[in-house]
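Below, each chain spelled out in residue letters.
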Amino acid sequence: MDELVPLLPRLGVATYETLYIVVLSLLFGGVGGLILGLGLYTTRAGSLYPNKPLFAVLNVIVNVFRPIPFIIFLAAAQPLARLVVGIGIGNTAIIFTLSLAAVFAISRIVEQNLMTVRPGVIEAARSVGASRLRIILTVVLPEALGPLILGYTFIVVALADMSAVAGLVGGGGLGTFAIQYGYRQFEPVVTWAAVLVIIIFVQGVQFLGNFLARKAFRR
Amino acid sequence: MPLVSLRDVRKSYPAASKNSEPVTAVAGVDLDIDAGDVFGIIGYSGAGKSTLVRLINALEPVTSGSVLIDGVDVSKLGEKELRKLRLGIGMIFQQFNLFDSKTVFNNVAYPLRVARTPKPELQRRVAELLKFVGLADKAGNYPEQLSGGQKQRVGIARALATSPRILLADEATSALDPETTHEVLSLLKRVNEEFGVTIIVITHEMDVIQTLANKVAVMDRGRVVEQGDVFEVFSRPREASSQRFVATVVRGVPSPAELSQLRERHPGRIVTLSFRDGSGSQGAVFLELAQAGIGFELVYGGINDIRGQAFGHLTLALTGADAAIDTVLARFAETIEVTESTSSDTKGADRG
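Residues numbered from 1 in each chain as written. Chains lettered and ligands numbered in written order. Predicted model: local features only at pLDDT ≥ 70, side-chain atom pairs only at ≥ 80, totals over all residues. Heavy atoms only, no water.

## Things to note about the UniProt feature "domain: ABC transmembrane type-1" (unreviewed entry) in chain A
Residues annotated in UniProt with the feature "domain: ABC transmembrane type-1" (unreviewed entry) correspond here to residues 15–207 of chain A. Split by type, residues 15–207 of chain A is 80% helix and 0% strand. Its first and last C-alpha atoms lie 19 Å apart. (UniProt positions renumbered as here; feature names shortened; annotations may be inferred. Helix = DSSP H or I, 4+ residues; strand = E, 2+ residues; numbered from the N terminus.)

What follows is the structure in structure tokens.
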């Protein structure tokens, strides 16, 4: 335990960095994923804006990028990060790449959860003369809110998981801390401390997600 | 001019795969529905009636033909004009299709918000509608807290929110138990009588037509095979599919299976006499049979009432000389419908 005490300030910084990376990635990836997911959902045959070619293109893009293991994606997307955010290393680069990866993952989760909205409810909205944009905003999204919250909760946990490899491109956070001060220094207690913080974080996020979803489901 | 006119309306869906044929849901339908009618469209699942009703408010576009509402062809309207048209056509559904994420109040308010109704007017209208359907105390509840019948009443209130002239009811009572069905049907009857709303009812249940409709069209494989006044179609169905529907609610016409059982149990000839309002009297029939020395036994029958008009069917087993029976039956056939079932023909030979 003694070896952990001097490292506590660093653990605090690492925790802050992980939160910083996860929150910003969730923000960018969440919005991007919502838009791409809505694109997948609405262009599908029989949906609000059926468009076979566009759906096929979006579908292929998501299918190509989503299965790439993040640690490889991080390395492969480095030139793109340099191009877009001007730097290929550090927390800024990892937030960019993590957001991008999250867009593809979240889009599928959004699409799946929107698919659970009963077509009859959409038909009812159409039958009273609601426009398609109004239907998306006032029917589709509110009706799917409960499952969407659970889906985003799942993603936050996945982002915390993915952010742990930030060290590969010089980023910080709990993953980097655990490897650098725990694993490489042969101090398992330090690693375990990082693990404990992550467990507490994940529990807290899941608790909050469940709470909000329960409110949305009203049960 | 009829309120709703369908002229050679067709609807087909493209083939699901390269090897399959396109699916024709509606294969050339002509219908005229007058303002104030409760028009029933009955048919088995897959007869095309749910598709047909969606062509009226253009939730589905027609493949060919025209749907005229007040003389305006809806297939020629753009998306924006269609949305305006739909504000004047309410619709209720078998599965109610309420917005689960919205309260009863907000469900009913939804069409009013689409119509950009000012807030005070909106609140007054929703309160009025909830009172009409008897759910004034449920405004703040969510659909999941309601029973099936209550949900459909919310559906009706929502459909009526913008004071439409036409209400489309797509199997509106098919998910309800008989008692709740009765409740919802009497509510729809009030909608027709108190507000003068023209109602188009899609159903596979003949008793819905019997209680509610004044006109009926029978659909079979995408076509209307028979249409007319409900009493006419009920008391004298011409087409086989109409006859099968009528038999589900009209007591007194034995099914083919029942007929063959009756033949096994009873000697002699099995004859069904169909009475309609004012056509012949049952007493006279029995008297004549007795006078002709023909033995008779009442084996099946019933009298029905459709919107105040009565008709009935009596099935008799007749024993006696064939010639005497033929003479009497020929005389009956002058005023009432006589159907004799023979063992070779389970459907019965029409001698009237």
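## Some remarks on the domain arrangement of chain B
All names here are of chain B. Taken domain by domain, chain B holds domain 1 (4–247) and domain 2 (256–346). Contacts between the two partners involve 11 residues from domain 1 and, on the opposite side, 9 residues from domain 2. Together, the buried faces of domain 1 and domain 2 total about 950 Å²; carbon and sulfur atoms form 55% of this surface. Interface area lost by domain 1 to domain 2 is led by Gln 210, Phe 231 and Ser 235, which between them contribute 58%. Where domain 1 touches domain 2, the interface holds 0 salt bridges. Taken together, the connections running from domain 1 to domain 2 amount to 0 residue pairs in polar contact (both at pLDDT 80 or more). (Domains from an automatic or database assignment. Contact = heavy atoms within 4.5 Å. Buried area = accessible area lost by both parts, 1.4 Å probe. Salt bridge = Lys/Arg side-chain N within 4 Å of Asp/Glu carboxyl O. Polar contact = N/O pair within 3.5 Å; in protein donor to acceptor, adjacent residues only side chain to side chain.)

## As for the packing of aromatic side chains
Given two aromatic rings, their pairing is described by the distance between the two centres and the angle made by the two planes. One pass over the full model with this rule turns up 9 aromatic pairs over all chains. Between Phe 65 of chain A and Phe 73 of chain A the ring centres are 6.5 Å apart and the planes differ by 75°, which places this aromatic pair in the edge-to-face class. A residue is classified by how much of its surface remains accessible, and Phe 65 of chain A, at 34% relative accessible area, is partly exposed. When the ring of Phe 177 of chain A is compared with that of Tyr 181 of chain A, the centres are 5.5 Å apart and the planes differ by 45°; the resulting orientation is tilted. With Phe 177 of chain A and Tyr 181 of chain A both in helix H9 (residues 174–183) and 4 residues apart, the pair spans about one turn of that helix. A relative accessible area of 3% places Phe 177 of chain A in the buried class. Each member of the aromatic cluster is reached from another via a ring pair, and the members are Phe 65, Phe 73 and Phe 104 of chain A. The ring of Phe 99 of chain B carries the charged tip of Lys 102 of chain B above its face, separated from the ring centre by 5.8 Å. Above the face of the Phe 99 of chain B ring, Arg 158 of chain B is positioned so that its terminal group lies 4.8 Å from the ring centre. (Phe/Tyr/Trp six-rings, centres within 6.5 Å; stacked < 30°, edge-to-face > 60°. Buried < 20%, exposed > 50% of the residue type's maximum accessible area, 1.4 Å probe, protein only. Lys NZ or Arg CZ within 6 Å of the ring centre and 35° of its normal.)

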